[in-house]
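Next come the chains, spelled out residue by residue.
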Amino acid sequence: MQVEASGDGTTTTARRRSIAAWTVAAASIALMSMSFVIKVAFDAVFSADDTALIVPGLLGGAAFAVIGALIASRTGNVVGWVFLGIAASFAIALPPQNWVDAALNEQRALPFLGVANRLSQWPFFACLGLLPAIFFLYPTGALPSERWRMPWRVYLSALVVTVVGFAVLPFRWREIEGVVVTNPVGVQPLESILGVLLASAGVLLVVSAFVALASLIVRARGAASDERQQIRWLGTVGRVGGLLFLLTFLVGAMSGNRGTGLLLAAANVLLVLLVITVVVGIPAATAVAIFRFRLYDLDLVIKKTVVFAVVVALVVAIGGVVAVLVASGILPSLYDTPPLFMFLGLAYGLAAIPLYRLAKRIADRVVFGGRATPYEVLTEFSERVGETFDADDVLPRMAAVLGEATGADRATVWLQVGAELRPTTTWPVDADEAGVPADAVDVLHRGEKLGALSVSMPPNDPMNSSKERLVRDLASQAGLVLRNVRLIEDLRASRQRLVAAQDEERRKLERNLHDGAQQQLVALAVQLKLARTMIDHEPAKAGSLLESLQGAAGDALEELRDLARGIYPPLLADKGLAAALESEASSADVRLVRSNGHLTFTVHDDGRGFDRDAMSFGTGLQGMIDRLDAVGGDLHVVSAPGAGTTVTGQVPARERPAGEERTP
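The structure displayed is predicted, hence computed values, not measured ones. Sequence positions are assigned chain by chain, starting from 1 and proceeding in written order. Residues qualify for local features only when their pLDDT is at least 70, as the model is predicted, and side-chain atom pairs are given and counted only at 80 or more; totals for whole chains, interfaces and linings, by contrast, use all residues. Side-chain metrics rest on all non-hydrogen atoms present in the structure, leaving aside hydrogens and water.

I keep staring at the overall build of the protein chain and nothing clicks. Help me out?
Segments assigned H or I by DSSP are reported as helices when at least four residues long, segments assigned E as strands when at least two residues long, and all are numbered from the N terminus. Counting its secondary structure elements, the protein chain contains 20 helices and eight strands. Exposed residues in this analysis have more than 50% of their type's maximum accessible area, buried residues have under 20%, and partly exposed residues fall in between, with area computed by a 1.4 Å probe over protein chains only. By the burial criterion, 35% of the 664 residues in the protein chain qualify as buried. Between two residues, a contact is recorded if the distance between any of their heavy atoms is within 4.5 Å. The contacts of the protein chain with a sequence gap of at least 6 include a subset with a gap of at least 24, amounting to 65%. In this description, accessible areas are obtained by the Shrake-Rupley approach with a 1.4 Å probe, and a residue is regarded as covered only by the protein chains that are shown. A total of about 38500 Å² of accessible surface is found on the protein chain, and carbon and sulfur atoms cover 62% of it.

Can you walk me through helix α6 (residues 149-168) in this structure?
Since one α-helical turn is 3.6 residues long, residues separated by three or four positions face the same way. Given the number of residues in a helix, its expected span is that number minus one, multiplied by 1.5 Å. Over its 20 residues, α6 extends 29 Å from the first C-alpha to the last, a length consistent with the 28 Å expected when each residue adds 1.5 Å. Those residues of α6 lying buried are Trp152, Tyr155, Ala158, Leu159, Thr162, Val163, Gly165 and Ala167.

Explanation requested: the pairing of strand β3 (residues 441-445) in the structure shown.
Working note: regular strand, side chains alternate between the two faces of the sheet. Alternating residues of β3 divide into Val441, Val443 and His445, all buried, and Asp442 and Leu444, none buried. Here five bridges tie β3 to strand β4 (residues 448-456), and the two strands are oriented antiparallel to one another. In the strand pairing of β4, Leu444 is matched with Lys449. Strands are labelled as partners when DSSP assigns at least two bridges between them. Counting the residues that bridge the hairpin from β3 to β4 gives two residues, and of these Arg446 lies at a positive phi of roughly 55°.

Explain the environment of Leu198 here, please?
The residue Leu198 is located in helix α7 (residues 191-221) in this model. For Leu198, a relative accessible area of 12% translates into the label buried. As for Leu198 and Val161, which are separated by 37 residues in sequence, their C-alpha atoms are 6.9 Å apart. Not counting the four nearest positions on each side in its chain, Leu198 is found in contact with Val161, Thr162, Gly165, Phe166 and Leu169.

Where do I start with the sheet that holds strand β2 (residues 420-427) in this structure?
Whether parallel or antiparallel, the strands of a sheet pair through hydrogen bonds between backbone atoms. Sheet architecture is open: four strands sit in the order β2-β1-β4-β3, paired in antiparallel fashion. Two strands lie at the open edges of the sheet, namely β2 and β3, each paired on one side alone. Going across the sheet, the axis of each strand differs from the next one's by a mean of 25°, ignoring polarity. Structural elements are reduced to axes, namely lines fitted to C-alpha atoms, with helices fitted over the stretch in contact, and the angle between N-to-C directions of any two is expressed from 0 to 180 degrees.

Is there a simple way to explain the pairing of β2 in this structure?
For strand β1 (residues 410-417) and β2, the ladder comprises seven bridges, and the chain directions are antiparallel. When the sheet's bridge partners are listed, Ala411 is paired in β2 with Trp427. Two successive antiparallel strands, β1 and β2, enclose a turn made up of two residues, where Gly418 displays a positive phi of approximately 65°.

Even after reading the chapter, I still don't get the packing of helix α3 (residues 78-106) against helix α5 (residues 122-137), so can you show me in this structure?
For any two helices packed against each other, the geometry is given by the interaxial angle and the distance between the axes. Packing of α3 against α5 brings their axes to within 8 Å, and their N-to-C directions diverge by 160°. With respect to their mutual orientation, α3 and α5 come out roughly antiparallel. The handedness of the crossing between α3 and α5 comes out as left-handed. Along its contact with α3, which presents Val78, Val79, Val82, Phe83, Gly85, Ile86, Ser89, Phe90, Ile92 and Ala93, the element α5 presents Pro123, Phe124, Ala126, Cys127, Leu130, Leu131, Ala133, Ile134 and Leu137. When describing relative orientation, an angle under 35 degrees is termed roughly parallel and one over 145 degrees roughly antiparallel, while 65 to 115 degrees is termed roughly perpendicular and anything else oblique. Each crossing gets its hand from how the near helix is turned against the far one by less than a right angle, where anticlockwise is left-handed and clockwise is right-handed.

I keep staring at the pattern of salt bridges and nothing clicks. Help me out?
Between side chains of opposite charge, a pair can form when the charged atoms approach closely. We count a salt bridge whenever a side-chain nitrogen from Lys or Arg sits within 4 Å of a carboxyl oxygen from Asp or Glu. Here the structure, examined in full by the defined rule, presents three salt bridges. For Lys449, the salt bridge goes to Asp442, with nearest N and O atoms at 3.4 Å. Asp442 sits in the partly exposed class, given a relative accessible area of 38%. Of the charged contacts, one joins Asp589 and Arg591 as a salt bridge, the two residues approaching to 2.8 Å between their closest N and O atoms. Overall, the relative accessible area of 33% leaves Asp589 in the partly exposed class.

How should I be thinking about the packing of α6 against α7 in this particular structure?
α7 packs onto α6 with a crossing angle of 140° between their chain directions and a minimal axis gap of 8 Å. Looking at the two axes, α6 sits oblique to α7. Crossing of α6 against α7: the hand is left-handed. Contacts between α6 and α7 involve Pro151, Val154, Tyr155, Ala158, Leu159, Val161, Thr162, Gly165, Phe166 and Val168 on the former and, on the latter, Leu194, Leu197, Leu198, Ala201, Gly202, Leu204, Leu205, Ser208 and Val211. Each residue gets one of three labels, nonpolar for Ala, Val, Leu, Ile, Met, Phe, Trp, Tyr, Cys and Pro, charged for Asp, Glu, Lys and Arg, and polar for the others, Gly among them. Residue classes in the contact of α6 with α7 are distributed as 15 nonpolar, four polar and no charged.

Got a minute to help me understand helix α2 (residues 51-75) in this structure?
With 25 residues, α2 ought to run about 36 Å at 1.5 Å a step, and its terminal C-alpha atoms sit 37 Å apart, in line with that. Gly76, located one to two residues past α2, shows a positive phi value of around 75°.

Just checking my understanding: could you explain the packing of aromatic side chains for this structure?
For any two aromatic rings, the description comes down to two numbers: the centre-to-centre distance and the angle of the planes. Pairing of aromatic side chains here covers Phe, Tyr and the six-membered ring of Trp, requires ring centres within 6.5 Å, and sorts the geometry by plane angle: under 30 degrees stacked, over 60 edge-to-face, intermediate tilted. For the structure shown, the criterion picks out seven aromatic pairs. Aromatic pair Phe64 and Phe83: ring centres 5.1 Å apart, planes at 40°, arrangement tilted. Highlighted residues: Phe64 in helix α2 and Phe83 in helix α3, separated in sequence by 19 residues. You'll find Phe64 and Phe83 in the same group, each marked buried. With a centroid separation of 6.0 Å and an interplanar angle of 75°, the aromatic rings of Phe124 and Phe125 are classed as edge-to-face.

Any chance you could explain a nonpolar patch on the surface here in plain terms?
Together, Val161, Val187, Leu190, Ile193 and Leu197 make up a nonpolar patch on the protein surface, roughly 360 Å² of accessible area in all. Of note, Leu190 is situated in the loop between α6 and α7. Exposure above 30% relative accessible area and no salt bridge define the residues that can form patches, which grow by joining like charges within 9 Å and nonpolar side chains of Val, Leu, Ile, Met, Phe, Trp and Tyr within 5 Å.

Is there a simple way to explain the side chain of Thr248 in this structure?
By the element assignment, Thr248 lies in helix α8 (residues 225-258). Reaching out from Thr248, the side chain makes a polar contact with the backbone oxygen of Leu244 at a distance of 2.6 Å. With residues near it in sequence (within four places) discarded, Thr248 still touches Ala267, Leu270, Leu271 and Leu274. Whenever two N or O atoms come within 3.5 Å, that pair is a polar contact, provided that in protein one can donate a hydrogen and the other can accept it, and provided that, for residues adjacent in sequence, both atoms are side-chain atoms.

Explanation requested: the sheet that holds strand β6 (residues 598-605) in the structure shown.
Taken in spatial order, the four strands make up an open sheet running β5-β6-β8-β7, and their pairing is antiparallel. Each edge of the sheet is formed by a strand with only one pairing partner; in this case those strands are β5 (588-595) and β7 (634-639). For this sheet the average axis-to-axis angle between neighbouring strands, irrespective of direction, equals 10°. As paired elements, β6 and strand β8 (residues 645-652) share eight bridges and run antiparallel to each other. From the neighbouring strand, Thr600 faces β8, where its bridge partner is Gln650.

When you look at the side chain of Thr425 in this model, what are you seeing that I'm missing?
Residue position: Thr425 is located in strand β2. Filtering out sequence-adjacent residues up to four positions away, Thr425 remains in contact with Leu395, Pro396, Ala399, Ala411, Thr412 and Val413.

Can you help me understand the nonpolar core in this one?
The nonpolar side chains of a soluble globular protein tend to be buried, and buried together. The set of buried Ala, Val, Leu, Ile, Met, Phe, Trp, Tyr and Cys residues whose side-chain atoms join them within 4.5 Å is what this entry labels a nonpolar core. Membership of the largest hydrophobic core comes to 48 residues, with the highest contact counts inside it found for Phe64, Ile86, Ile134, Tyr138, Tyr155, Leu234 and Ile282. Only α1 (10-41), α2, α3, α5, α6, α7, α8 and α9 (261-293) provide two or more residues apiece to this core. Ranked by size, the runner-up nonpolar core spans 23 residues in total, among them Leu402, Met457, Leu474 and Ala475.

Looking at this structure, how should I read the confidence of the model for the protein chain?
The predicted coordinates ought not to be read in detail in places where the model reports low pLDDT. For the protein chain, the mean per-residue pLDDT works out to 76, and 69% of the residues sit at or above 70. Low pLDDT, under 50, characterises residues 1-7; the predicted model gives this stretch seven contacts beyond four residues in sequence or across chains. Confidence scores labelled pLDDT are given residue by residue by the predictor and lie between 0 and 100. Confidence over residues 660-664 falls short of pLDDT 50; this stretch has three contacts with residues more than four positions distant or in other chains.

So, in structure tokens, the structure goes:
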């Protein structure tokens, strides 16, 4: 398969890095397996002094190799290559060491004893010497700060002196059946100097190990919450390992001086615990950080690995069951019954799909725990928000999906109202939200901020890069939803304003009718009744009263006209816009301009005007504002007493395609 490199060679580099990492891991595991085969071949599995360390050593070495390959191939992080270096050094040293032990136990000269003895020395010290590098560099692949550069250089110098020194250290091994083993690359004149250098370098490596642990502790104190959780597990392993090392050294020194069997046995037990803590604990702590706290974002890579491993395990298990049934005689021999052989082969093929699905579910459970995968979360989110257009339901659903997907204690959906973010819904419903958290993720749509999403994580499961990316993915899908919600809320507010304005106008009309025209008409009715009784007895006074009543009737008519003019100007209804404008101002200017995809209108008059601070908009202006807002427009009113009024509005205008005729 050919790989096309991108312009900067990133794709090719990543592929080469992946091939190199997995090649080193596979070769290391193969060499470790070879060492176990040597143990079995010479019947030294249960008779050797290191029997208790065989299984944890092999498992730990394989774990170093696999985890190192995952990190190095996926990210190129230096920590991954250090893991691979430890696994490779251990794998190189282990088979030769078992080969030499077999020669000593058998007391016979096996082939390549010189090479085996040489390879069992310096690679093993390289393996041990690389362990402090993990604590110096974990998890970023760089030192915590510049002040750790000098201890790092001292450590590297001690490591180089140790590895090179043991590689060129001259030695003469005891004779086995006439074979004398020496170091062919040993430098004899440097033997005395190398002894001092190796002793000094060994002390520096031990000190560097504790300094590296201190650097990890310092890094954890200044790290963010997710990185602190990732470091915590390895820091615990380092503390336990450091304590076991000190106890092993102390008990070993006491047993050497006194020679008591109890102290010697205690020293051996402590040594075994130390080896298990380091060899198994370090990759285990890193694995926990990868699985639980999404270290290096290896979720998908690990999921694929787990799926493959589970499928293989299930297939092998089924095959093992069939083999046991055949061996026990429950099933006949497959070679003697070809139809049964064909049937089992067909069953294997048909079981491939359900086995694969089962493996995926197991892998999802291992990688993501009880929560859904990010793809499932995004799919569920799209389905849920698409099921309803009710703003009262869609936002609670959004908050529930957000909280359940991230495992948060609280999830909040915020809506942008002017320059302020307001919480619209919180999951669970009884949770309180004091204020907008600093890590809230903005919800944008067409470049406009519409709101935000925020989560509050429990202390034992803090926010990490994977969850943060999931929240951002949800926020990117929530833009259209929040825009629709805001439009619905604006429409509701507009309707409420219209209803409130209509109610206010109706109450105002009722007050005006009751306090004005109604009182005048009641007075007219009373006075007319009085005039009727005065016509026969006092005609002169009745005539005078009727004349005054005629004026009062005119006043009542004018009152009703003023009242009607406030509802809808009768002049506008009777004689049109021009006559209505003339009754209000000496001049009025109406302009329409179309440019940049918008239609702008301006109406200016030099009439009486009004004080905007002292008066609120009536149904007319507010209705215009609501109608323009519904189509994406806006309205501005400028007015002052005695200075006239200017009303400016703008609405989007669709350009008419060339050749399209105007609708008559």
